[in-house]
Amino acid sequence: MEEKLTRLNKYLSEAGYCSRREADRLIDTGRVTINGSVPELGTKVTNNDVVEVDGKSITERKADFVYLAFNKPVGIVCTTDTRVEKDNIIDFIKYPKRIFPIGRLDKPSEGLIFMTDDGDIVNKILRASNNHDKEYLVTVDKPISQTFIKRMAGGIYLEDLDKTTKKCTVRKIDSHTFTIILTQGLNRQIRRMCEYLTYEVTSLKRTRIMNIKLDIPSGEYREFSEKELKTLNVLIEDSDKHYKQTIETKETKKLHSINRRKE
């Protein structure tokens, strides 16, 4: 009977050590070993292999995972690399088990971020992030005009990223404050959009991710309720299917391109 082979990044993810994206980074930097040897990206392992990160053994998938809603304060960095960043989210929370953030919030930003040790849900949420909304409360340095609201909602071309933001929902709260609901997560997206329109963000708080709202004080966390986790899993259940369809489409286009060149 053949032993089941699992890609190393998936193995680390299912063990609850980190997301697959973070696993690839760890592998690429030589911090992961299999039976004492440094592997290449894409290497597969069995349950009989000894997988270690920074010399510490990784066990198989956990039975019970942690799912936290955390209100990140300004000044805390969303990184698990405690050796590099002293103001990191892991040392701040001091949770008794190893957990990691799903996505990120910039250091000057605050608000809701998910923390977990379930690598699979990380991958699904990050993949599904282009289809599910995140809401922010934003304050800027000068009075908000109707033109500003319309331009923000309609999509803005960000030259340094060579991308145009998707249409979104923007609502004015008062002279300097607005809410914005995004369905994509470009780097520093809201700040870049405001800068393009000559506004500067003075405060930015994420107040909701999909079905889960920010309802705890700054610097504190709580577990997902059973209802929240059930609803969240329903929202992301098609993530793997959409991901596989995207990969298949890309591979099909690549194959057609190769065939056309041969003709």
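Residues numbered from 1 in each chain as written. Predicted model: local features only at pLDDT ≥ 70, side-chain atom pairs only at ≥ 80, totals over all residues. Heavy atoms only, no water.

Glancing now at the environment of aspartate 141. Relative to the helices and strands, aspartate 141 resides in the loop between strand S9 (134-140) and helix H5 (146-154). Overall, aspartate 141 belongs to the partly exposed group, its relative accessible area being 38%. Taking the C-alpha atoms as reference points, aspartate 141 and histidine 176, 35 residues apart in sequence, are found 6.8 Å from one another. Aside from chain neighbours lying at most four places away, what touches aspartate 141 is His176, Tyr199, Glu200 and Thr202. Engagement of the side chain of aspartate 141 in a polar contact is seen with the backbone nitrogen of glutamate 200, the distance being 3.0 Å. (Helix = DSSP H or I, 4+ residues; strand = E, 2+ residues; numbered from the N terminus. Buried < 20%, exposed > 50% of the residue type's maximum accessible area, 1.4 Å probe, protein only. Contact = heavy atoms within 4.5 Å. Polar contact = N/O pair within 3.5 Å; in protein donor to acceptor, adjacent residues only side chain to side chain.)

The next subject is the nonpolar core. Counting residues in each nonpolar core, the largest one holds 33 residues, and the members touching the most others are Val138, Phe148, Met152, Phe178, Ile180 and Cys194. Only strand S6 (67-72), helix H3 (89-93), strand S8 (110-116), S9, H5, strand S13 (177-182), helix H6 (189-196) and strand S14 (201-209) provide two or more residues apiece to this core. In this structure methionine 152 touches Cys168, Val170, Phe178, Ile180, Met193, Cys194 and Leu197, once residues within four positions along its chain are discounted. Of all hydrophobic cores here, the second largest spans 16 residues; its members include Phe65, Val122, Ile209 and Leu232. (Core = buried A, V, L, I, M, F, W, Y, C linked by side-chain atoms within 4.5 Å.)

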